[in-house]
Amino acid sequence: MSHIQGKVVIITGASSGIGQATAKELASKGAKLVLAARREDRLKNLQQEIKDIGAEAVYKVTDVTSNQQMEELAAYALKEFGKIDVMVNNAGLMPLSPLHEKKINEWDTMIDVNIKGVLYGIAAVLPSMRERKEGHIINVSSVAGHTVMAASAVYSGTKFAVRAISEGLRMEECSNNIRSTIISPGLVATELPETISGTELKSAINDYYNIAIPAENIARAIAYAIEQPSDVGINEMIIRPILQEL
Ligand SMILES: NC(=O)c1ccc[n+]([C@@H]2O[C@H](COP(=O)([O-])OP(=O)(O)OC[C@H]3O[C@@H](n4cnc5c(N)ncnc54)[C@H](OP(=O)(O)O)[C@@H]3O)[C@@H](O)[C@H]2O)c1
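Residues numbered from 1 in each chain as written. Predicted model: local features only at pLDDT ≥ 70, side-chain atom pairs only at ≥ 80, totals over all residues. Heavy atoms only, no water.

Asks: Sorry if this is basic, but what is going on with the nonpolar core here?
Replies: Within soluble globular proteins, side chains that are nonpolar tend to cluster in buried spots. Counting residues in each nonpolar core, the largest one holds 36 residues, and the members touching the most others are Val-9, Ile-11, Leu-26, Leu-33, Leu-35, Ile-50 and Ile-222. Of all elements in the fold, only strand E1 (8-12), helix H1 (17-28), strand E2 (32-37), helix H2 (40-52), strand E3 (56-61), strand E4 (86-89), helix H7 (216-227) and strand E9 (236-239) reach the threshold of two or more residues within this core. No other element matches H7, which puts 7 residues into this core. Excluding residues that lie within four positions of it along the chain, Leu-35 makes contacts with Ile-11, Ala-14, Ala-23, Leu-43, Leu-46, Gln-47, Ile-50, Ala-57, Val-58, Tyr-59 and Lys-60. (Core = buried A, V, L, I, M, F, W, Y, C linked by side-chain atoms within 4.5 Å. Buried < 20%, exposed > 50% of the residue type's maximum accessible area, 1.4 Å probe, protein only. Helix = DSSP H or I, 4+ residues; strand = E, 2+ residues; numbered from the N terminus. Contact = heavy atoms within 4.5 Å.)

Asks: Would you take a moment to explain H2 for this structure?
Replies: Since one α-helical turn is 3.6 residues long, residues separated by three or four positions face the same way. Under the 1.5 Å per step criterion, the end-to-end length of H2 is 18 Å for 13 residues, consistent within 8% with the ideal 18 Å. Burial in H2 covers these residues: Leu-43, Leu-46, Gln-47 and Ile-50. Along the axis of H2, the buried residues cluster in a sector spanning 105°; they form a single face. Residues of H2 that are exposed and point over 90 degrees away from its buried face: Asp-41, Asn-45 and Asp-52. If you follow the buried residues of H2, they end up packed against H1, E2 and E3. Backbone geometry just after H2 places Gly-54 at a positive phi near 85°. (Expected span 1.5 Å × (residues − 1). Arc of directions from axis to C-beta.)

Asks: What should I look at first to understand the sheet that holds strand E5 (residues 135-140) in this one?
Replies: The strands making up a sheet associate through hydrogen bonds between their backbones, and the pairing can be parallel or antiparallel. The strand order across the open sheet built from 7 strands is E3-E2-E1-E4-E5-E6-E9, with neighbouring strands paired in parallel fashion. At either margin of the open sheet sits one strand with a lone partner, and together these are E3 and E9. Averaged over neighbouring strand pairs, the angle between their axes works out to 15° when direction is ignored. Examined bridge by bridge, E4 and E5 share 4 bridges and lie parallel to one another. Looking across to E5, one finds that Met-87 is bridged to Ile-137. H2 contacts E2 and E3 of the sheet and is inclined by roughly 175° relative to E3. (Pairing = 2+ DSSP bridges. Axes fitted to C-alpha atoms, helices over the stretch in contact; angles between N-to-C directions.)

Asks: I'm lost on the pattern of salt bridges in this one. Help?
Replies: When charged atoms on two side chains of opposite charge get close, those side chains can pair. In this structure the tally under the stated criterion is 15 salt bridges. As a salt-bridge pair, Glu-134 and Arg-132 come within 3.7 Å of each other at their nearest N and O atoms. On the basis of relative accessible area, Glu-134 is assigned to the partly exposed category, the value being 35%. What makes Arg-132 partly exposed here is its relative accessible area of 32%. A salt bridge links Arg-163 to Glu-236; its shortest N-O distance comes to 3.0 Å. Linking Arg-163 in helix H5 (residues 153-173) with Glu-236 in strand E9, this pair joins segments that are 73 residues apart in sequence. Look at Arg-163 and you get partly exposed, because its relative accessible area is 22%. Given the relative accessible area of 30%, Glu-236 is considered partly exposed. Connected through shared salt-bridge partners, Lys-83, Asp-85, Arg-132 and Glu-134 make up one network. (Salt bridge = Lys/Arg side-chain N within 4 Å of Asp/Glu carboxyl O.)

Set out below in structure tokens:
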């Protein structure tokens, strides 16, 4: 039996891209999904698609920048399914820009979603996982969490932070049998570049995304981390298109 069968998995950012593909992949392997994002119509459609293949899914409209909403999301998962096996902190934004443009609101949003959202996700699920002495927290970082480019200073800062937080979590919670996985994708074909507000930069990044791989490839990497025996930790994976040099 797959180690995914019957596991209760919360996914943030499930309304598109990597989160959506991961929900479908895990549902096809028998996981019970708790889908979270802000766009309800998308979540509803995805829930139906998952039900259509005979798997279980519920959804809750959630803004990851609200600690209260993240606590409510975890409470909802516990109410619906009685446990939380896996938390996938995937929601994220990438409004790239050079620092001198002073896009302070975009910096704030990136920090709130990409860093605080992950922290609130961890905080929401840790108590019940510690109680059960079992659990798995998967945080989506990026190749940009390993390297910095012009215009990626703040985005990379948030993704370096995700890796630091994930490694701290691993060290603190390994004795409680809680696994920590960092997923660092390279270029993946999703809506992510749409969050870039500068038109020239967006067009350059879109060109760069010509070699992007489908989100299903990242979904399979996440499934691989989950399906390992419970005494095996897949702590970090980098998944790039083979043509991506950076
Ligand atoms: N695509 C890539 O090339 C790539 C590469 C490396 C890393 N990543 C990372 O992969 C993760 C997923 O991104 P993606 O590529 O799948 O992009 P995407 O298609 O744009 O998906 C982003 C998801 O985040 C959700 N989200 C944004 N703000 C949110 C908020 N405040 N509260 C709750 N959900 C929020 C969005 O849902 P709503 O708008 O409905 O809330 C959406 O479901 C991100 O962390 C991203 O940084 C992507």
